[in-house]
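Each chain, letter by letter, is given below.
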Amino acid sequence: MTTFAFEAEGLVKRFKKTTALDGIDLAARQGTVLGVLGPNGAGKTTAVRILATLLRPDAGRAVVGGFDVLRDAAKVRRTIGLTGQYASVDEDLTGMENLVLIGQLLDLRGTEARARASELLAEFGLSEAGGRTAKTYSGGMRRRLDLAASLVGRPDVIYLDEPTTGLDPAKREDVWGIIRRLVGDGVTILLTTQYLEEADALADDISVIDRGKVIANGTPAELKRVVGGQTVFVRTADPERVTEAAAILADIAGRPAESPGRGMATVPVVGDTAFTEIVRRIDAAGIRVTELSLHLPKLDEVFFTLTGRHTEDEAA
Amino acid sequence: MTITVDQAASVAVSPATRPFTRTRHILALARRSLIKTMRTPEQLIDVTLQPIIFVLVYVYLLGGAVAGNTHDYLQFLLPAIMVQTVLFGGMATGVNLNTDIKKGVFDRFRSLPIARSAPLIGSVLGDLIRYVVAMVSLFIAGYILGFRIGTNLPATVAACLLTMGFTFCVSWIIVLFGVLMREPGGVQGTAFLVLFPLTFGTTMITPASTLPGWLQTWVNVNPVNHMMEAARGLMVGGPVAEHLPWVGFWSIGLLAVFAPLAVRAYRRRT
Ligand SMILES: Nc1ncnc2c1ncn2[C@@H]1O[C@H](COP(=O)(O)OP(=O)(O)OP(=O)(O)O)[C@@H](O)[C@H]1O
Ligand SMILES: [Mg+2]
């Protein structure tokens, strides 16, 4: 029998006329990362808030660390750490005061709370900023303080609601590093994101949600198979020779290449060897390229494949 | 920069089962409110200057007309203004709470294994210190203008403590608005609508005998009026005993009704 660190079944949540969750199932095994991938308004935050005991579902059931979120909310709260989508640090307090307060609320003794706070500030590169009010922090620093705050009590299950949205690529890598370390220590993580790339890099399993429903579910590899895997992109140094490159792409992919612009060609590929094969053939043909890359599909493309709609339709 | 997170690191995190858990949580959260108040001097200036301005305006505009001279009027007015000041101070609690909830700071508290009421009680308690600041500055200004305690120091301290206890109970009405409403501005407006008849439907600025009959009826049941009369009695002399039961009754009643309502609303707020 598999033991799930958290498991939700048939969660339904309505806000007046909007159905935010329409019978959603989510589960993660101990020590794994579940990536919840979905566009704006899909219901990611709502699901996290139910699992964090901040919202009561209208229907369905959720169990975290063996405790029911409704009946044993207090025990669930001892198990979890939450980093919400919108930074929930107190701007008028210093980084240190923020973390010490949480330590005190988690029943650490004064000295313990301060030691734990300094330790976390050091781990997140905030030691120097620890004495300043969070008001003065940059976006990335706030995010890190927020993450640190959710780790004070060494929770077994951590919810990270879009932890990298709005961060520059280097800061994003930092956060990814933190997440990998946490998983290495046996923590179970629920990570919501709008980037397939991020879910692919971190998650053991991915649930794609749309309009409050899970529309696809599986390992990153399975999901990529469903959505047509990756895309190869090439830009030739001599735009005239792009037709030759396109022919090579088409040959290996087994389908015609598209041209997103002058001197460019792109084609979806499947299999582990397609890209290296393309590199070899282009090299052998003596075609010089200024760019040759392999991309995961964008969330929008994933959506289009799975639902036949683009994510922009949500806004309408 | 490298970030390492070592879950098995040096500091032991072993939530000890210690007594008075909830009290400690409330005090930690009250301390947070206090720090915030100290770091936002605008709020302190507000509670410090506003009562002094009220005193100046009333004393010099109405003093002669109501009491014949400004000194007697100041003796009459100051204890009541003290009650008003502290009550208005309680309005800020609701506004601050609303801001905290909106910003998501309270989401973190709600995800922690602490009593749901702790963040609310902590905020209300932490704000009491603002009242102390307001009272002290009011007394200093009053003293300079010529106010003198007519009874004794213990009675005056009792008046201050009674006012703070009373406000602690009344402010749960505003806490309820703070939790229920969507915008801090709305909280301010609604709180004012509630506080206005409570603070001005009193003998704060004129004796009851000058008021029309219907207003006297309201004044007689208005809890804030009884609080003001009691404060007056304790500070400058006059009947106290007849007002105390009213103050106690209303304080306990408002607390018993509005504190649970506020906690309930807070628990349900999405
Ligand atoms: N408190 C609320 N009151 C009313 N409607 C809400 C509330 N919270 C969420 N909703 C609605 O529920 C739906 C799902 O919202 P949710 O915040 O869970 O989406 P999300 O996937 O987190 O989106 P985003 O990527 O923008 O954060 C949206 O249509 C949203 O407008
Ligand atoms: Mg969200």
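See the structure shown above.
Summary of the structure given here. (Residues numbered from 1 in each chain as written. Chains lettered and ligands numbered in written order. Predicted model: local features only at pLDDT ≥ 70, side-chain atom pairs only at ≥ 80, totals over all residues. Heavy atoms only, no water.)

For the rest of this paragraph, the subject is the coordination of the magnesium ion (ligand 2). The coordination sphere of the magnesium ion (ligand 2), as far as protein atoms go, consists of Thr45 of chain A (OG1) and Gln85 of chain A (OE1), spread over 1.8 to 2.1 Å. With threonine 45 of chain A in helix α1 (residues 44-51) and glutamine 85 of chain A in the loop between β6 (80-83) and α3 (95-105), this residue pair connects regions lying 40 residues apart in the sequence. (Donors = N, O, S within 2.8 Å, 3.2 Å for Na, K, Ca; no water. Helix = DSSP H or I, 4+ residues; strand = E, 2+ residues; numbered from the N terminus.)

As a further point, take the sheet that holds strand β13 (residues 289-295) of chain A. Residues and elements named next belong to chain A. Taken in spatial order, the three strands make up an open sheet running β12-β11-β13, and their pairing is antiparallel. Across the chains shown, the open sheet's two edge strands, defined by having one partner strand only, are β12 (264-269) and β13. Taken over all neighbouring pairs, the strand axes of this sheet differ in orientation by 10° on average, direction set aside. Here six bridges tie strand β11 (residues 230-236) to β12, and the two strands are oriented antiparallel to one another. Within the sheet, the bridge partner assigned to valine 232 lies in β12 and is valine 267. Sitting on the sheet, helix α9 (residues 242-253) touches β11 and β12, and the angle it makes with β12 is about 5°. Each of β11, β12 and β13 is contacted by helix α10 (residues 274-284), which is oriented at about 165° to β13, the strand it contacts most. (Pairing = 2+ DSSP bridges. Axes fitted to C-alpha atoms, helices over the stretch in contact; angles between N-to-C directions. Contact = heavy atoms within 4.5 Å.)

A word on empty space enclosed by the protein. Enumeration according to the criterion identifies one cavity of 30 Å³ or more in this entry. Roughly 70 Å³ of internal volume is contained in the largest cavity. For the largest cavity, the full set of lining residues is Ser88, Val89, Asp90, Asn98, Leu101, Ile102 and Ala149 of chain A together with Arg32, Val105, Arg108 and Phe109 of chain B. Counting only elements with at least two residues in the lining of the largest cavity, the list comes to α3 of chain A together with α4 (105-110) of chain B. (1 Å grid on protein atoms, 1.4 Å probe; cavity = no way out; pocket = protein on both sides within 12 Å on 5 of 7 lines; lining within 4 Å. Points joined across faces, edges and corners; volume = space filled by probe spheres on them.)

The final tally for this structure, using the stated rule, is 29 salt bridges over all chains. The partner of arginine 78 of chain A in a salt bridge is aspartate 107 of chain A, with the nearest N and O atoms 3.3 Å apart. Of this pair, arginine 78 of chain A sits in helix α2 (residues 73-79) while aspartate 107 of chain A sits in the loop between α3 and α4 (110-123); the two residues are 29 residues apart in sequence, bridging distant segments of the chain. On the basis of relative accessible area, aspartate 107 of chain A is assigned to the buried category, the value being 5%. Notably, a salt bridge pairs arginine 116 of chain A with glutamate 119 of chain A, separated by 2.7 Å at the nearest N-O pair. Placement of both arginine 116 of chain A and glutamate 119 of chain A in helix α4 is noted, with a separation of three residues, approximately one turn of the helix. For glutamate 119 of chain A, a relative accessible area of 11% gives the class buried. Among the charged side chains, a salt-bridge network with shared partners connects Asp90, Asp92 and Lys135 of chain A together with Arg32, Lys36 and Asp100 of chain B. (Salt bridge = Lys/Arg side-chain N within 4 Å of Asp/Glu carboxyl O. Buried < 20%, exposed > 50% of the residue type's maximum accessible area, 1.4 Å probe, protein only.)

On to a nonpolar patch on the surface. Residue and element names in this part refer to chain B. Among the surface-exposed residues, Met38, Ile129, Val132, Val136, Ile140 and Ile144 lie close enough to one another that they form a single nonpolar patch of about 530 Å² accessible area. If one sorts the elements of the nonpolar patch by residue count, helix α5 (residues 118-145) sits on top with five residues. With respect to the helices and strands, the residue isoleucine 129 is situated in helix α5. Classification of isoleucine 129 by relative accessible area gives partly exposed; the value is 32%. (Patch = residues over 30% accessible without salt bridge, like charges linked within 9 Å, V, L, I, M, F, W, Y side chains within 5 Å. Areas by Shrake-Rupley, 256 points an atom, 1.4 Å probe, with all protein chains shown as cover.)

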